Amino acid sequence: MKLLLLNIKELLQVRENAPAKVAGKDMATLPTLKNAWLLVQDGKIKNYGSMDNIPTIEGFKTIDCKGKMVLPAWCDSHTHIVYAGNREQEFVDRINGLSYQEIAEKGGGIVNSAKKLQATTEEALYHQSAKRLEEVMCLGTGAIEIKSGYGLTTEAEMKMLRVAKKLAANYPVAVKTTFLGAHAVPTEFKDNKEGYMDLVCGEMLQKISEAKLADYVDIFCEDGYFTVADTVRLMKAGKKHGLIPKIHVNQFNAIGGIAAGVKHNALSVDHLEVLTKTDIEALKGSDTMPVALPSCSYFLSIPYTPGRELIDAGLPLALATDYNPGSTPSGNMNFVVATACIKMRLTPEEAINAATINGAYAMGLSDTHGSITKGKTANLIITKPIPSYGFLPYAFGSNCIENVIIKGKAI
Ligand code: NIG
Ligand code: FE
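This structure is a prediction, so every number in the text was calculated from the model and none was measured.

**Q** How would you explain the site of ligand 1 if you had to name every residue and give the values?
**A** Neighbouring residues of ligand 1: 15 residues in total, closest Tyr 100, Tyr 150, His 183, Gln 251 and Ser 327. Contact between ligand 1 and His 183: a nitrogen atom at 2.7 Å from a side-chain N or O atom of the residue. A distance of 2.5 Å separates an oxygen atom of ligand 1 from a polar atom in the side chain of Ser 327. For ligand 1, the protein covers 100% of the area, taking 330 Å² as the surface of the free molecule. Looking at the shell around ligand 1 residue by residue, the classes come out as four nonpolar, nine polar and two charged.

**Q** Go over the coordination of the iron ion (ligand 2) with me, naming the residues and quoting the values.
**A** Looking at the iron ion (ligand 2), one finds its protein donor set to be His 78 (NE2), His 80 (NE2), His 248 (NE2) and Asp 322 (OD), positioned 2.1 to 2.2 Å from the metal centre. Donor residues for the iron ion (ligand 2), ordered by position in the chain, follow H-x1-H-x167-H-x73-D. Here the residue His 78 occupies a position in the loop between strand E6 (74–76) and helix H1 (88–95), and Asp 322 occupies one in the loop between strand E13 (318–319) and helix H12 (333–344), the gap between them amounting to 244 residues. Owing to a relative accessible area of 0%, His 78 belongs among the buried residues under this scheme. Taking relative accessible area as the criterion, Asp 322 reaches 1% and is therefore assigned buried.

**Q** Talk me through H1; I want residue IDs and the actual numbers.
**A** Listed as buried for H1 are Glu 90, Asp 93 and Arg 94. The arc enclosing the buried residues of H1, seen along the axis, measures out at 100°, which places them on a common side. What points out from H1, more than 90 degrees from its buried face, is the exposed set Glu 88, Gln 89 and Ile 95. For H1, the elements touching its buried residues are helix H2 (100–105), helix H3 (110–118) and helix H10 (294–300). Gly 97 lies just past H1 and shows a positive phi near 115°.

**Q** Go over the packing of helix H4 (residues 122–138) against helix H5 (residues 154–170) with me, naming the residues and quoting the values.
**A** Viewed as axis vectors pointing N to C, H4 and H5 meet at an angle of 50°, and their least axial separation amounts to 10 Å. It follows that H4 is oblique to H5 by the angle criterion. Crossing of H4 against H5: the hand is right-handed. Contact with H4, carried on its side by Glu 122, Leu 125, Tyr 126, Ser 129, Ala 130 and Leu 133, involves Lys 159, Met 160, Arg 162, Val 163, Lys 166, Leu 167 and Asn 170 of H5 and no other residues of that element. Of the residues contributing to the contact of H4 with H5, the split by class is seven nonpolar, two polar and four charged.

**Q** Now, about the pattern of salt bridges: what can you tell me, with residues and values included?
**A** The tally for this structure, following the rule as stated, stands at 12 salt bridges. Its salt-bridge partner being Arg 162, residue Glu 155 comes within 2.9 Å of it at the nearest N-O pair. Since its relative accessible area comes to 29%, Arg 162 is described here as partly exposed. Between Asp 312 and Arg 308 there is a salt bridge, and its shortest N-O distance comes to 3.0 Å. Remark: Arg 308 and Asp 312 occur in helix H11 (residues 307–312); sequence separation between them is four residues, near one turn of the helix. Of the residues examined, Asp 312 reaches a relative accessible area of 55% and is grouped as exposed. What makes Arg 308 buried here is its relative accessible area of 14%.

**Q** Describe the sheet that holds strand E7 (residues 141–147), naming the residues involved and giving the relevant values.
**A** Spatially, the eight strands line up as an open sheet ordered E6-E7-E8-E9-E10-E11-E12-E13, and their pairing is parallel. The sheet is open, and its two edges are formed by E6 and E13, each paired on a single side. The pairing of strand E12 (residues 289–292) with E13 spans two bridges and is classified as parallel. The partner of Val 291 across the bridge, within E13, is Ala 318.

How each quantity is defined
Residues numbered from 1 in each chain as written. Chains lettered and ligands numbered in written order. Predicted model: local features only at pLDDT ≥ 70, side-chain atom pairs only at ≥ 80, totals over all residues. Heavy atoms only, no water. Near = heavy atom within 4 Å. Polar contact = N/O pair within 3.5 Å; in protein donor to acceptor, adjacent residues only side chain to side chain. Areas by Shrake-Rupley, 256 points an atom, 1.4 Å probe, with all protein chains shown as cover. Nonpolar A, V, L, I, M, F, W, Y, C, P; charged D, E, K, R; others polar. Donors = N, O, S within 2.8 Å, 3.2 Å for Na, K, Ca; no water. Helix = DSSP H or I, 4+ residues; strand = E, 2+ residues; numbered from the N terminus. Buried < 20%, exposed > 50% of the residue type's maximum accessible area, 1.4 Å probe, protein only. Arc of directions from axis to C-beta. Contact = heavy atoms within 4.5 Å. Axes fitted to C-alpha atoms, helices over the stretch in contact; angles between N-to-C directions. Parallel < 35°, antiparallel > 145°, perpendicular 65-115°, else oblique. Left-handed = near helix turned anticlockwise from the far one by under 90°. Salt bridge = Lys/Arg side-chain N within 4 Å of Asp/Glu carboxyl O. Pairing = 2+ DSSP bridges.

Put into structure tokens, the structure is as follows:
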């Protein structure tokens, strides 16, 4: 499949030698090329340049991009798109005054999703999840991380990860999978959290790594869920199976999970709605990517991750959706980018860097995704005619996407 994009008003995130990630002040720069062409061959970015000196290129299907922007497809490094049913009732309970934590204490929340998932066949789970994947691809997502964590038994966790792997095989999107068995303590282990941790760190990790179902390991490090000691135990156990940590921390409380994650070389620490100075210090000089999930803050009406502060401290930042049935029933990266600008005071340049190149880093995909670089996968968003790239977050309720290309093919 050969494709030639012509007359691109502005080609965004063009990097000849792309860095693995961008941090601090560098996030304010979004390298672009105006009035550009881009050549796609065999699913990869073959070449690009200015329309002023376009070479003769023949035998390619052409797309005229007059007035339109072209940018790398979004890299969504944190999702839970494999789930069963929904939690609409809890949404109404929250409107009526209950908090997310109160709902969980009543047996709702993650445990509620686990009951539904355990009772759902693998086939039905696949179809429900594939629908969501197709939806987010149309919204411009070209690479995605998918977590388990709504199984909470060995068999159901494996079922989730097999579904994620089947999605990876059947769709052109790049998929990374994460084992999140330590998402909540299941009802059967209500008074025996240690017993559940034994299961997660023992049988579950063993079987999941034997079946090569996961790239990463995750845990919900939070009061009422898992402690920092549990987190350290899991990260150590994961390492023995070759799994790098990507962890849920500091959503409601700062309990020291960030420093522990950094110490154990977590690829990313995600949520960070509640952040202390010590947490920020712990991240400095590390290879761990802080990941903000602004649509979760929006949906739960909780604080936004202090992204401005993180970037001003010289740190990198990635943005992801957290698409899941409880805290974020939305996988729209366009909304995430807009909300990061509107509520976290990121500039459009910073937000686009966070949702492309830094998102790719947070999935270990920076060599192949996240920028317009020769040889990288041709995952592209073609916008409708818009005045500037700042219009993307500005027009937060509009769909500015005209076409999405994944692995060189229009979807
Ligand atoms: O990232 N916070 C932990 N896990 C998910 C939500 C889980 C749920 O409520 O179903 C999150 O927000
Ligand atoms: Fe999450």
